[in-house]
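Coordinate inspection notes
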Amino acid sequence: MPAFLLKGGGGMFFPTLKKTDMEKVTVTEFPGLDRRESVRMGGFRKMKNLCSEGYPALRTRPARGLSATVEKPEGLIAKDALLWVDGRRIYVNGLAAEPELTEGEKQLVSMGAYLIVFPDKVYLNTKDLTDWGSLECSRTAATGSSVSLCDAGGEAYSGVVESAGAPEEPEKDALWLDVSGTVPVLRQFSQESWTAVEGVCVKVQATGLGEGFAAGDGVTISGCSVERLNGETVLRAVGEDWVAFSGAVAGSTALKAAVTVSRTVPEMDYVVQSGNRLWGCKYGMADGRAVNEIYASKLGDFKNWRCFEGLATDSYAAARGCDGAFTGAVSYLGNPIFFKEHCMERVYAASQGAHQIVTTECSGVQQGSAKSLQVVGGVLLYLSDEGVQAFDGSLPVTVSQALGEKRLHGGVAGAWRGKYYLSALEEDGTPTLLVYDSERSQWHREDGLRAVGFACKGSELYCLGTDGKLWSLHGESGEAEESFSWMAESGELGLQTPQRKRLTKLLLQMRPEQGKTVTVWVSYDRGASWQKQGQLTGNGSLRGQAVAVRPRQCRYLRLKLEGSGQCVLFTLTALYERGGDGL
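Residues numbered from 1 in each chain as written. Predicted model: local features only at pLDDT ≥ 70, side-chain atom pairs only at ≥ 80, totals over all residues. Heavy atoms only, no water.

Read across the open sheet, the five strands follow the order β2-β46-β51-β48-β49; overall the sheet is antiparallel. In this open sheet, the two strands that pair with only one neighbour each are β2 (44–48) and β49 (531–537). Ignoring strand direction, the axes of neighbouring strands in this sheet form an average angle of 15 degrees. As paired elements, strand β48 (residues 517–523) and β49 share six bridges and run antiparallel to each other. Note on β49: the bridge partner recorded for Thr517 is Thr537. (Pairing = 2+ DSSP bridges. Helix = DSSP H or I, 4+ residues; strand = E, 2+ residues; numbered from the N terminus. Axes fitted to C-alpha atoms, helices over the stretch in contact; angles between N-to-C directions.)

What follows is the structure in structure tokens.
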């Protein structure tokens, strides 16, 4: 007889049913984007137009402002004004400046009041827009131009006696040009002996020869019939129609050939400003020879890269032994750093000019991601082949684990209030704008904005897109954008529970913008299809509103929220009950 049929009274009794065990899990902290297989509690596998500014709640990003529209965006930088390159012209706060550039993407480097544009090698004084020109200069003195001796100030010597032997019975301070040797030597008589005169120069005179040059310029002399005068030298004095440089010639003669005076800047892959110098690097072919070098301009002078006089203010050039193309450059912790994909070259600049370069093997900047280098909260961040790296002066470490295993490339970045804005391309070429909150170690995705460059001016971060739109990313200037759409898709809800349980109810507490609707979707097949589960419309209240989702019996599911305008998600509560053996 079954146990529940009891003898005696002839009655029948049924067993007492136990109350189903229920468990409530509430998420009040949302850690942002997490593309890994096992998503963190409160994390979202996919998102659009969300940010960390409402943390621990999850909120939509601020509305942007459209500040300008550019036809051919080629570069963006901020000084006292916002500057960008549109095609062949530089614009300063929307006004075109005089320099005309070549077509193509530009490197914009700031040094004092000046903006320097590479590869064009053009400078512009942003305080005085009439002060602009080329870093390089070349002038030619035609055949027959005058050549003579002068002092370091350009003044001609008078009363010079030119001979192979010393003059007899010379007067005090008499001058004698000794031509007995291969190189003439100017001597002066003093206290019964002839002493070589210091600072003797050669003065070349020709109409307009000195235009564009200045005393102290490192130049190359070429084409001179006096062979020893050709080569690199430093101009000691300059006039509109003449230049003077160290050397000596016999007498005042006319040039037998055209002489060219040129100030040149090396071809460079990347250029940065550090310690009141410009620093650059080059890997590949230059002037018909293979180079792997790092350069620096003369101290305080971005035009001069060929001044070598043994002074602490000299220009600098050094060959490197580490193979591979340079992939980026930055000034960090007071010194320039040049990256290759597998290492970094750290330059320790010395005030005496004895600079040192140390090579460190590490995960360097990815090829094509030179613009991803940004300093955020005192830490250097950049995109490498292994993900986004954080470098604080020791060794780089990866901080992009939450972005999953898919590789990004083509990184362009900006920095704003402890956040790293990275515009990059996914593996399939789709553009994406990701934001890393360095204080909270969280990633969020905004949208598909593809950036040419970022620039921080005042309290705002600006982004110039490849579509020519210049955005104020937090809406502090420009025309406010229309309402934008947003989305958040969770990972597999239910995998985080240690026991076999059934998800029976989801409760979301949120605050949509007044009149805007949030739609809730559920997927039971890992996002292959979606079923609408409800929606919520903002009522303008400062308090949150709730929407309940009652899924079908399942082990796990994915949740997707879609809406437009501003919205804040405060909590996500899941109710579980113990399932049977089949769950």
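Continuing now.
Applying the stated criterion across every chain yields a total of 27 salt bridges. The residue Arg263 makes a salt bridge to Asp217 at a minimum N-O spacing of 2.8 Å. Here the residue Arg263 occupies a position in strand β25 (residues 259–263), and Asp217 occupies one in the loop between β20 (201–205) and β21 (218–222), the gap between them amounting to 46 residues. Accessibility expressed as a relative area gives 4% for Asp217, which makes it buried. Between Glu492 and Arg526 there is a salt bridge; the shortest N-O distance is 4.0 Å. Here Glu492, found in the loop between β46 (485–490) and β47 (501–512), pairs with Arg526, found in the loop between β48 and β49; they are 34 residues apart in sequence, far enough to count as distant. Given the relative accessible area of 41%, Arg526 is considered partly exposed. (Salt bridge = Lys/Arg side-chain N within 4 Å of Asp/Glu carboxyl O. Buried < 20%, exposed > 50% of the residue type's maximum accessible area, 1.4 Å probe, protein only.)

Here we come to the packing of aromatic side chains. Enumeration over the complete set of coordinates arrives at 12 aromatic pairs. Taking 6.3 Å as the distance between ring centres and 10 degrees as the angle between the ring planes, the aromatic pair formed by Trp84 and Tyr91 counts as stacked. The class of Trp84 is buried, set by a relative accessible area of 9%. Judged by relative accessible area, which is 22%, Tyr91 ranks as partly exposed. When the ring of Phe326 is compared with that of Phe338, the centres are 6.3 Å apart and the planes differ by 75 degrees; the resulting orientation is edge-to-face. Here Phe338 lies in strand β31 (residues 335–340) and Phe326 lies in strand β30 (residues 326–332), a separation of 12 residues in the sequence. Across the pair, Phe338 and Phe326 agree in class, each one buried. In textbook terms, an aromatic cluster arises when at least three aromatic residues are bridged by ring pairs, as seen for Tyr114, Tyr123 and Phe302. (Phe/Tyr/Trp six-rings, centres within 6.5 Å; stacked < 30°, edge-to-face > 60°.)

A word on the pairing of strand β38 (residues 409–416). Taking burial as the measure, the eight residues of β38 include seven buried ones, the bulk of the element. For β38 and strand β39 (residues 419–425), the ladder comprises six bridges, and the chain directions are antiparallel. Residue His409 lies in a different strand from β39, and its bridge partner there is Leu425. Between the antiparallel neighbours β38 and β39 lie two residues, among them Arg417 with a positive phi of about 50 degrees.

This part is about the sheet that holds strand β36 (residues 387–391). Read across the sheet, four strands follow the order β34-β35-β36-β37 without closing on themselves; strand pairing throughout is antiparallel. The open sheet has two edge strands, β34 (374–376) and β37 (397–398), and neither has a second partner. Bridge analysis of strand β35 (residues 379–384) against β36 gives five bridges, and the strand direction is antiparallel. Across the sheet, the residue bridging to Ser384 is Gly387, located in β36.

Time to look at the nonpolar core. Counting 47 residues, the largest nonpolar core has Tyr420, Trp443, Leu506, Leu508, Met510, Leu559 and Leu561 as its most contacted members. At five residues, the largest contribution of residues to this core is made by strand β52 (residues 567–578). Setting aside chain neighbours within four positions, we find Leu506 in contact with Leu493, Val547, Ala548, Val549, Leu557, Leu559, Leu572, Thr573 and Ala574. Counting 19 residues, the second largest nonpolar core, distinct from the first, contains Val147, Ala206, Val219 and Val259. (Core = buried A, V, L, I, M, F, W, Y, C linked by side-chain atoms within 4.5 Å. Contact = heavy atoms within 4.5 Å.)

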